[in-house]
Amino acid sequence: MKSKFAALALLALLSAGLISASDAQAANKKIDQNTKIYYADLNGDGRKEMIEIEDRSAKDAVFILSVGNRNRNKTMDLIDGLVISGKIRKIELVDLNDDGQMQIVVYFDDLERVSNIIVYQLKNNKLYKIFSAASEYGVAAEFETIPRIKVGKPSKYNNSSNFLPDWDSWVWLGDKFVKD
């Protein structure tokens, strides 16, 4: 199953002209130092799913985010996966509803070096985007008390000698983020 996703991702990269055929063959070989694995219960079944982040930014300018179950061979049986154009800076695993189901928060810089934040939730074996925002002024999040995401915007007091961005703030209200 994982190889099917990898093949589809490579086909998409080939058709978009982001990689050549020889690059696609080389990309099939996994390089361990470019892969990070996390474990969290994403669907509330009491078992931890594998979350794999594969860095292909050196060649393809993308990261692959895969979610699956660990099998007997200690590899992944793929549930779902995504191609993220840009460079992932970090991910956080948070339980927004305190229901035992973790959400994946991905912080990344896109190809234009704009800061992005996306929150994914696994539901019915599919990763769904429940929030996304981008800003050339930065993004920040706090999930400890009241989940909040801040998205930078230009200050209305645009003084070039002392420029600080204003922030749009989004707060979690149990089923979605709403502008504060």
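Residues numbered from 1 in each chain as written. Predicted model: local features only at pLDDT ≥ 70, side-chain atom pairs only at ≥ 80, totals over all residues. Heavy atoms only, no water.

When helices and strands are tallied, the chain shows 2 helices and 12 strands. Overall, the chain shows an N-to-C arrangement of helices and strands of α-α-β-β-β-β-β-β-β-β-β-β-β-β. Looking at the chain as a whole, 41% of its 180 residues are labelled buried. For the chain, long-range pairs separated by at least 24 residues make up 33% of all intrachain contacts whose partners lie at least 6 apart in sequence. Split by element, the accessible area of the chain, about 10,700 Å² in all, is 48% carbon and sulfur. (Helix = DSSP H or I, 4+ residues; strand = E, 2+ residues; numbered from the N terminus. Buried < 20%, exposed > 50% of the residue type's maximum accessible area, 1.4 Å probe, protein only. Contact = heavy atoms within 4.5 Å. Areas by Shrake-Rupley, 256 points an atom, 1.4 Å probe, with all protein chains shown as cover.)

Let us look at the environment of G86. Relative to the elements of secondary structure, G86 occurs in the loop between strand 4 (76-85) and strand 5 (87-94). Measuring from C-alpha to C-alpha, the distance between G86 and F63 comes to 6.8 Å, with 23 residues separating the pair along the chain.

Strands sit in the order 5-6-7-8 across an open sheet of 4 strands; the sheet is antiparallel. With partners counted over all chains shown, the strands left at the sheet margins are strand 5 and strand 8 (126-135), one partner each. Each adjacent strand pair in this sheet contributes to an overall mean axis angle of 20°, direction not counted. Bridge analysis of strand 5 against strand 6 (residues 103-109) gives 7 bridges, and the strand direction is antiparallel. The partner of I91 across the bridge, within strand 6, is V106. (Pairing = 2+ DSSP bridges. Axes fitted to C-alpha atoms, helices over the stretch in contact; angles between N-to-C directions.)

What follows covers the sheet that holds strand 12 (residues 177-179). Within the open sheet, the 4 strands sit side by side as 9-10-11-12. Their pairing is antiparallel. The sheet is open, and its two borders are formed by strand 9 (139-142) and strand 12, each paired with just one other strand. Averaged over neighbouring strand pairs, the angle between their axes works out to 25° when direction is ignored. Sheet analysis places strand 11 (residues 166-172) next to strand 12, joined by 3 bridges and oriented antiparallel.

So, about the side chain of N71. Structurally, N71 is set in the loop between strand 3 (62-70) and strand 4. Separated by 3.0 Å, the side chain of N71 and the backbone nitrogen of N73 make a polar contact. For N71, the residues in contact, after removing those within four places along its chain, are M76 and D77. (Polar contact = N/O pair within 3.5 Å; in protein donor to acceptor, adjacent residues only side chain to side chain.)

Moving on, we get to the pairing of strand 10 (residues 148-153). Both strand 9 and strand 10 contribute to a ladder of 4 bridges, which runs antiparallel. Among the inter-strand pairings, A141 is bridged to a residue of strand 10, identified as I149. Where strand 9 folds back onto strand 10 in an antiparallel hairpin, the turn is made up of 5 residues. Here 6 bridges tie strand 10 to strand 11, and the two strands are oriented antiparallel to one another. By the bridge assignment, K150 is partnered in strand 11 with S169.

Under the criterion given, the structure shown has 3 aromatic pairs. Each residue in the set F131, W170, W172 and F177 is aromatic and connected to the rest through ring pairs, giving one cluster. A cation sits over an aromatic face here: K90 above Y107, 4.8 Å from the ring centre. Here the guanidinium or amino end of K150 rests over the ring plane of W167, the centre of that ring lying 4.9 Å away. (Phe/Tyr/Trp six-rings, centres within 6.5 Å; stacked < 30°, edge-to-face > 60°. Lys NZ or Arg CZ within 6 Å of the ring centre and 35° of its normal.)

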